[in-house]
There are 6 protein chains.
Amino acid sequence: MSSSFAFDPSPLQDICVAVDEPKNAVFVNGKFCKNPNLTVADDFLFQGINIPRDTNNNVGSFVTTVAVDQLPGLNTLGISLARIDYAPYGGLNPPHIHPRATEVIMCVEGELYVGFVLSNQLGNRLVTKVLKPGDTAAVAISSLSSQNPGVITVANAVFGSKPPINPDVLTKAFQVDKKVIDNLQSQFWYNNNS
Amino acid sequence: MSSSFAFDPSPLQDICVAVDEPKNAVFVNGKFCKNPNLTVADDFLFQGINIPRDTNNNVGSFVTTVAVDQLPGLNTLGISLARIDYAPYGGLNPPHIHPRATEVIMCVEGELYVGFVLSNQLGNRLVTKVLKPGDTAAVAISSLSSQNPGVITVANAVFGSKPPINPDVLTKAFQVDKKVIDNLQSQFWYNNNS
Amino acid sequence: MSSSFAFDPSPLQDICVAVDEPKNAVFVNGKFCKNPNLTVADDFLFQGINIPRDTNNNVGSFVTTVAVDQLPGLNTLGISLARIDYAPYGGLNPPHIHPRATEVIMCVEGELYVGFVLSNQLGNRLVTKVLKPGDTAAVAISSLSSQNPGVITVANAVFGSKPPINPDVLTKAFQVDKKVIDNLQSQFWYNNNS
Amino acid sequence: MSSSFAFDPSPLQDICVAVDEPKNAVFVNGKFCKNPNLTVADDFLFQGINIPRDTNNNVGSFVTTVAVDQLPGLNTLGISLARIDYAPYGGLNPPHIHPRATEVIMCVEGELYVGFVLSNQLGNRLVTKVLKPGDTAAVAISSLSSQNPGVITVANAVFGSKPPINPDVLTKAFQVDKKVIDNLQSQFWYNNNS
Amino acid sequence: MSSSFAFDPSPLQDICVAVDEPKNAVFVNGKFCKNPNLTVADDFLFQGINIPRDTNNNVGSFVTTVAVDQLPGLNTLGISLARIDYAPYGGLNPPHIHPRATEVIMCVEGELYVGFVLSNQLGNRLVTKVLKPGDTAAVAISSLSSQNPGVITVANAVFGSKPPINPDVLTKAFQVDKKVIDNLQSQFWYNNNS
Amino acid sequence: MSSSFAFDPSPLQDICVAVDEPKNAVFVNGKFCKNPNLTVADDFLFQGINIPRDTNNNVGSFVTTVAVDQLPGLNTLGISLARIDYAPYGGLNPPHIHPRATEVIMCVEGELYVGFVLSNQLGNRLVTKVLKPGDTAAVAISSLSSQNPGVITVANAVFGSKPPINPDVLTKAFQVDKKVIDNLQSQFWYNNNS
């Protein structure tokens, strides 16, 4: 599992609107900036976070990310947003990690069972809470402390990697019959958030 | 799953040997420093990383951490070490995350199948390598970019948290029969690394 | 005007719930942590961000901050939220600075005229946008990249400081008749956001 | 008002003398480096900070900045300097903010009334001091904790932005008659520091 | 030789005037803050940087540091100053390192031969410059990018450490006759800057 | 002596394998990234750290660095390794500084006399320890908290710079007869670590 830690670049000028890397150059860590005199107000605008998304999929949820790839004006600002739509009765955003961000979640509508698990040193304690009553489909807005927070959906990374992890490793790590691992690795792993 | 990101404190003096927080105070982020004039050379010494550890456990491996709790002179230095002993033929250090560090692994003895999985955005690609031939039990030394890197063993955090995660959530997230989840949650989750 | 720049502390453990500094200690930069074994789920919960606020004041707006003082679990996480309620037809959040944060604003309801001014080097260019049609009172949610972003309302800091700035300085800086400055300094400066 | 916070890049090699971005590339956050083998001692030299500047302008002061644009060897070093010349009897450097730096001011000659205003949370307290007696024109040297500290002159940003801020917004924010705002917005805003 | 690298803490509030650690507490990395409501303008003032210092010592120079120990208001600001007085004709500030800061030097009076040596990777290239003509004693003002930059005078650290470094080590490292090392280690090492 | 302080870039994506700067571009601080889809497992592999090195040189030691130039996958990860081989009976790694890293040393074989000198503020105290008995040639593995830690060998930087430091400066700084300095500057300075 990728264990990279991270931090966002810090601005050295007022604004640094992200552009695709220039012709004849290759990838850099982060993004290049548009000439500040050529920036326009729309470089700082993302529209449509109010539009409900289709949650008719395996996990019953959909994540709409507003990070630097969607909103180039976020470049070097160290912050991003996401909207999560949940299907009524049982939609879930599966266990995941943001390798480059912390997160604050606000429940806008509906009722959400949320939580996080602490590390080994603290005994893998689970901290949970049910957020806000309501019986419709829930919607949450999440703020993340990075312009490119990343996401690793645990089940997808462990059982749906390409190529697959050696099944003997997973059989021992998860302490189950190898058939369970084979079955898990042969599933289609839907990705509700990339 | 805990998604905290992290960074180590940076020194504001030559040395800051960690001490337990003083009487009448409580926890702080990081550690307090010993009076520099009272520090001794042994504050900067950890002994016994050369001693083989017993790997006779469920996963066939044992991690010996040399971080700030074991070596107080590491305080504010942003670095730590670990020794991993593997049982011959199949010892493994199960899939895990270091929420506050990157890592470089050096195989000292034996042969190791190592790898990491990239995040959703890069399609959960698995990158692997077999390190160094040898047919005895393997030993690896790992350097970590934090004085307190932390570790989250994925299987333990997902199936062995206390209290357990709601099994319906895991049933849907892992797309298996609920009996598989019940079985996984009822196991004893050995922790080879805390 | 305070020109401090800033950055949030980074965690050295999974969680560091803020507590008042212990007896016999004084202020530190940031906060002390609760013993992690004594933390409860409510340390990570803030309730009531959905409740409309009274905007019947001089500027016609009210800011509800959810930062480390309101939500102690945010300590060391480098992120916070705010809700801004605006009175219908002309409520405004006056020109201000967050000395320790960047910000992303999401208009939840109504229509907002928003903008920012670039620095001297870029000619004090004003970048504006009208967010979302609607004719009711507007509500916005703001995410900030600090657990304690701070705010400096420009007019209040310049004309309502305690004690007042020497009026001759302001007369020259703003290039107006001294009576205008005297008048501005004698007003009551309502603070919609502290 | 631009609320960007900031931090300077940190060197990954001994020196990184700034050069204009290479042909076929566009702006990046920060600067490119000269090939270290082609650097010369003059890349690290700025001359003329001892030369008095003309302060015959609206505010009676002139700021000479020695930042990365003037001294390319400062690139990645996180520090810069400025000289401020003040006209005798009443020259002033108007209220301003450095969005990417803290500052220490040393009065070399003359007498300076200096101060800063704290944020809303601390009641916009004004902290002032008169530095050093003397009755000639004053000269100050300022050290700033960034290679590109930036400056936002408050009056210019609020009343002299291009295009102007909606006068109704300012009328309400400053709680004055709209004529005062119209008058302020129609002035010529001299910029003593860019 | 101490190779600690460093970074200054960043403020989480407007001001954090350093105070001695509270009763019943011990050293922390950095300083505790005074209650902001008890701070006074003098916490931000250092007087006397204009007073010439006596340079009648072995190296013919004297360094007056204005860092967090001398000016408590610098706490968390990441910047400091120093004045260096040089004796006429040959006063020198011996080769040294600031383990926690970069530096910009401004020659106020006299003529200074200044320089720095690059690291092994760049062939230990020496970069020098003679600053400003004049034949009187020179005075320089130095800005440093840390509130506690530290200093290691190379000759003092290598030959004047307490206890001394094993002379056989130095004999081999400096490739000289052991008598030269014995002689160097038996000298009195005047420290012009602590 | 170069006093640059440093910090490593932080990733904004999972991986950023270093490549030479692209055609038509020049040096940047740090490295460019390979297109992540073109990376291969070997980008993350360095082989041969187990091979003993020849220590038949003036100082009787050889340093094998595994930093970003040798292992491009380390780019943006903030960590590196080194192997140090010492000749039997008296091999030494001469006094040096890592301007951009802290270090943890593990003695794998043999016996090592190690230490560091504190800064002037702490009286240049020497802290030493003899690591692990053994009478063969020693081997140590060192972990460094930077992808490009750099090294400045003190004797080489002071007496072997190119061009040489003015000998009168060194005569006074080291308080020895000028002949000793002339002799030191005329030596061949072997560099065991670049």
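As recorded by an unreviewed UniProt entry, chain A carries the name Cupin type-1 domain-containing protein and is attributed to Punica granatum. Of the comments in the UniProt record for chain A, the one headed Sequence similarities (unreviewed entry) reads "Belongs to the germin family." Per UniProt, chain A carries the Function (unreviewed entry) text "May play a role in plant defense. Probably has no oxalate oxidase activity even if the active site is conserved."

A. Quick look at the overall build of chain A. A count of helices and strands for chain A gives three helices and 10 strands. The order of helices and strands in chain A, counted from the N terminus, is β-β-β-β-β-β-β-β-β-β-α-α-α. Going through the 194 residues of chain A one by one, you find that 60% of them count as buried. Looking at chain A as shown, the accessible area adds up to about 7,400 Å², and 54% of this sits on carbon and sulfur atoms.

B. Looking closely at unusual backbone geometry. Cis geometry is adopted by the peptide bond preceding P163 of chain C, which originates at K162 of chain C and carries an omega value of -5°. Its place among the elements puts P163 of chain C in the loop between α1 (154-159) and α2 (167-174). With a phi close to 50°, N124 of chain D is a non-glycine residue in the positive phi region. Residue classification places N124 of chain D among the buried residues on the basis of a relative accessible area of 3%.

C. Fine view of the environment of D85 of chain C. Residues and elements named next belong to chain C. Relative to the assigned elements, D85 resides in strand β4 (residues 80-86). Spatially, the C-alpha atoms of D85 and T64 are 8.3 Å apart, while their sequence positions differ by 21 residues. Within the structure, the side chain of D85 is placed 3.4 Å from the backbone nitrogen of R53, a separation counted as a polar contact. Looking at D85, its side chain comes within polar contact range of the side chain of R83, at 2.7 Å.

D. Summary view of the interface of chain E and chain F. Counting from both sides, the interface comprises 65 residues of chain E and, opposite them, 65 residues of chain F. Summing both sides of the interface, chain E and chain F together bury roughly 5,400 Å²; the carbon and sulfur share of this comes to 60%. Linking chain E to chain F there are 16 residue pairs in polar contact (both at pLDDT 80 or more). Residue assignment for the side of chain E that touches chain F shows that the elements contributing at least two residues are β5 (96-97), β7 (112-117), β10 (152-153), α1 (154-159), α2 (167-174) and α3 (178-186) of chain E. For the side of chain E that touches chain F, the leading source of residues is α1 of chain E, giving six residues. The class makeup of the residues in the side of chain E that touches chain F is 35 nonpolar, 25 polar and five charged.

E. Expanded view of the packing of helix α2 (residues 167-174) of chain A against helix α3 (residues 178-186) of chain A. Residues and elements named next belong to chain A. Put simply, α2 and α3 touch, their axes get as near as 9 Å, and they point 120° apart. Judged by the inter-axis angle, α2 sits oblique to α3. Along this stretch, α2 crosses α3, giving a crossing that reads as right-handed. Facing P167, D168, L170, T171 and F174 of α2, the residues of α3 in contact are K178, I181, D182 and Q185. Class assignment of the residues belonging to the contact of α2 with α3 gives a composition of four nonpolar, two polar and three charged.

F. Inspection of the environment of G91 of chain E at higher detail. Here G91 of chain E is to be found in the loop between β4 (80-86) and β5. What makes G91 of chain E buried here is its relative accessible area of 19%. Residues G91 of chain E and S61 of chain E lie 30 residues apart in sequence; the distance between their C-alpha atoms is 5.5 Å. Once residues within four sequence positions are removed from consideration, G91 of chain E is found in contact with V59, G60 and Y86 of chain E together with K172 of chain F.

G. Layout of the relation of the copies chain E and chain F. Least-squares fitting of chain E to chain F yields an RMSD of 0.0 Å, with the transformation described by 0.0 Å of translation along the axis and a rotation of 180°. On the angle and the small slide along the axis, the relation comes out as a two-fold axis. Here 100% of the contact residues of chain E are again contact residues in chain F; the copies associate through an equivalent surface.

H. Representation of the side chain of T39 of chain E. With respect to the element layout, T39 of chain E can be found in the loop between β2 (32-33) and β3 (61-66). Within the structure, T39 of chain E has its side chain in polar contact with the side chain of R125 of chain D (distance 2.5 Å).

I. Representation of helix α3 (residues 178-186) of chain C in the model. Along α3 of chain C, the residues that are buried comprise V180, I181, L184 and Q185 of chain C. One face of α3 of chain C carries all of its buried residues, which in axial projection span an arc of 130°. Exposed residues lying more than 90 degrees from the buried face of α3 of chain C are K179 and S186 of chain C. Along its buried surface, α3 of chain C packs onto α1 and α2 of chain C together with α2 (167-174) and α3 (178-186) of chain D.

J. Representation of the environment of F62 of chain B. Residues and elements named next belong to chain B. The residue F62 is located in strand β3 (residues 61-66) in this model. Put simply, F62 and D85 are 23 residues apart on the chain and 5.2 Å apart in space, counted from C-alpha to C-alpha. With near-sequence residues (within four places) excluded, F62 lies in contact with R53, D54, T55, R83, I84, D85, Y190 and N192.

K. Focus on the packing of aromatic side chains. For the structure shown, the criterion picks out 24 aromatic pairs over all chains. A ring pair is formed by F116 of chain A and F44 of chain C, whose centres lie 5.2 Å apart and whose planes are at 80°; its orientation type is edge-to-face. Of this pair, F116 of chain A sits in strand β7 (residues 112-117) while F44 of chain C sits in the loop between β2 (32-33) and β3 (61-66), each in a different chain. Taken together, a centroid distance of 5.2 Å and an interplanar angle of 50° make the contact between F159 of chain E and F174 of chain E tilted. Of the two residues, F159 of chain E is situated in helix α1 and F174 of chain E in helix α2; the sequence distance between them amounts to 15 residues.

L. Region of the structure containing helix α3 (residues 178-186) of chain B. Buried residues in α3 of chain B make contact with α2 and α3 of chain A together with α1 (154-159) and α2 (167-174) of chain B. In this structure D177 of chain B caps α3 of chain B, since a side-chain oxygen of it lies 2.9 Å from the backbone nitrogen of K179 of chain B.

M. Geometry of the side chain of T171 of chain F. All names here are of chain F. As for its placement among the helices and strands, T171 is situated in helix α2 (residues 167-174). A polar contact of 2.7 Å, which involves the side chain of T171, links it to the backbone oxygen of P167. With near-sequence residues (within four places) excluded, T171 lies in contact with V176, D177, K178 and I181.

N. Representation of the pattern of salt bridges. If you walk through the whole model with that rule in mind, you get 18 salt bridges over all chains. The partner of K129 of chain C in a salt bridge is D42 of chain A, with the nearest N and O atoms 2.3 Å apart. Residue K129 of chain C is located in strand β8 (residues 126-131), and its partner D42 of chain A is located in the loop between β2 (32-33) and β3 (61-66); the two belong to separate chains. Note that K178 of chain B is salt-bridged to D182 of chain B, the shortest N-O span being 3.6 Å. Of this pair, K178 of chain B and D182 of chain B both sit in helix α3, separated by four residues, roughly a single helical turn. With a relative accessible area of 35%, K178 of chain B lands in the partly exposed category.

O. Local environment of the UniProt feature "binding site: oxalate" (unreviewed entry) in chain A. Residues and elements named next belong to chain A. Those places that UniProt annotates as "binding site: oxalate" (unreviewed entry) correspond, in this numbering, to N93, H98 and E103. Among the polar contacts made by the side chain of H98, one reaches the side chain of H96 at a distance of 3.3 Å. With respect to the helices and strands, E103 occurs in strand β6 (residues 103-109). Excluding residues within four positions of it along the chain, E103 makes contact with H96, H98, S142, S143 and L144. A distance of 3.3 Å separates the side chain of E103 from the side chain of H98, its partner in a polar contact.

Cut-offs used in this document
- For every chain, the first residue of the written sequence is number 1, and numbering continues from 1 along that sequence.
- The naming scheme follows written order: chains are lettered A onward, ligands numbered 1 onward.
- Only residues with pLDDT of at least 70 get local features here, since the model is predicted, and only at 80 or more are side-chain atom pairs given and counted; chain-wide, interface and lining totals rely on the full set of residues.
- Side-chain calculation: all heavy atoms of the structure are included, whereas hydrogens and water are not.
- UniProt positions are given in the numbering used here, feature names are shortened, and annotations may be inferred rather than shown by experiment.
- Runs of E in the DSSP output that reach at least two residues are strands. Runs of H or I that reach at least four are helices, and both are numbered from the N terminus.
- Relative accessible area decides the class of each residue, using a 1.4 Å probe on protein chains only: under 20% of the type maximum gives buried, over 50% gives exposed, and in between gives partly exposed.
- What sets the accessible areas is the Shrake-Rupley method with a 1.4 Å probe; for residues, cover comes only from the shown protein chains.
- Polar contacts, as counted here, are pairs of nitrogen or oxygen atoms within 3.5 Å of one another; within protein the pair requires one atom able to donate a hydrogen and one able to accept it, and residues that are adjacent in sequence qualify only if both atoms are side-chain atoms.
- Residues count as neighbours in contact if any of their non-hydrogen atoms are within 4.5 Å of one another.
- Buried area: the accessible surface (1.4 Å probe) lost by two parts on joining, summed over both.
- Side-chain classes follow a simple rule in which Ala, Val, Leu, Ile, Met, Phe, Trp, Tyr, Cys and Pro form the nonpolar group, Asp, Glu, Lys and Arg form the charged group, and the remainder, Gly included, forms the polar group.
- Inter-axis angles, ranging from 0 to 180 degrees, are taken between N-to-C directions of lines fitted to C-alpha atoms, where helices are fitted over the stretch in contact.
- Angular relationships are summarised with four words: roughly parallel below 35 degrees, roughly antiparallel beyond 145, roughly perpendicular across 65 to 115, and oblique for the angles in between.
- Working rule for handedness: look at the near helix, and if it is turned counterclockwise from the far one by less than a right angle, call the crossing left-handed; if clockwise, right-handed.
- Here the copies are superposed with least squares, the fitted atoms being C-alpha atoms of residues at a pLDDT of at least 70 in both.
- The arc in question is formed by the directions pointing from the helix axis toward the C-beta atoms.
- Two rings from Phe, Tyr or Trp (for Trp, the six-membered ring) form a pair when their centres are within 6.5 Å of each other. A pair whose planes differ by under 30 degrees is stacked, one over 60 is edge-to-face, and the rest are tilted.
- What counts as a salt bridge is simple: a side-chain nitrogen of Lys or Arg found within 4 Å of a carboxyl oxygen of Asp or Glu.

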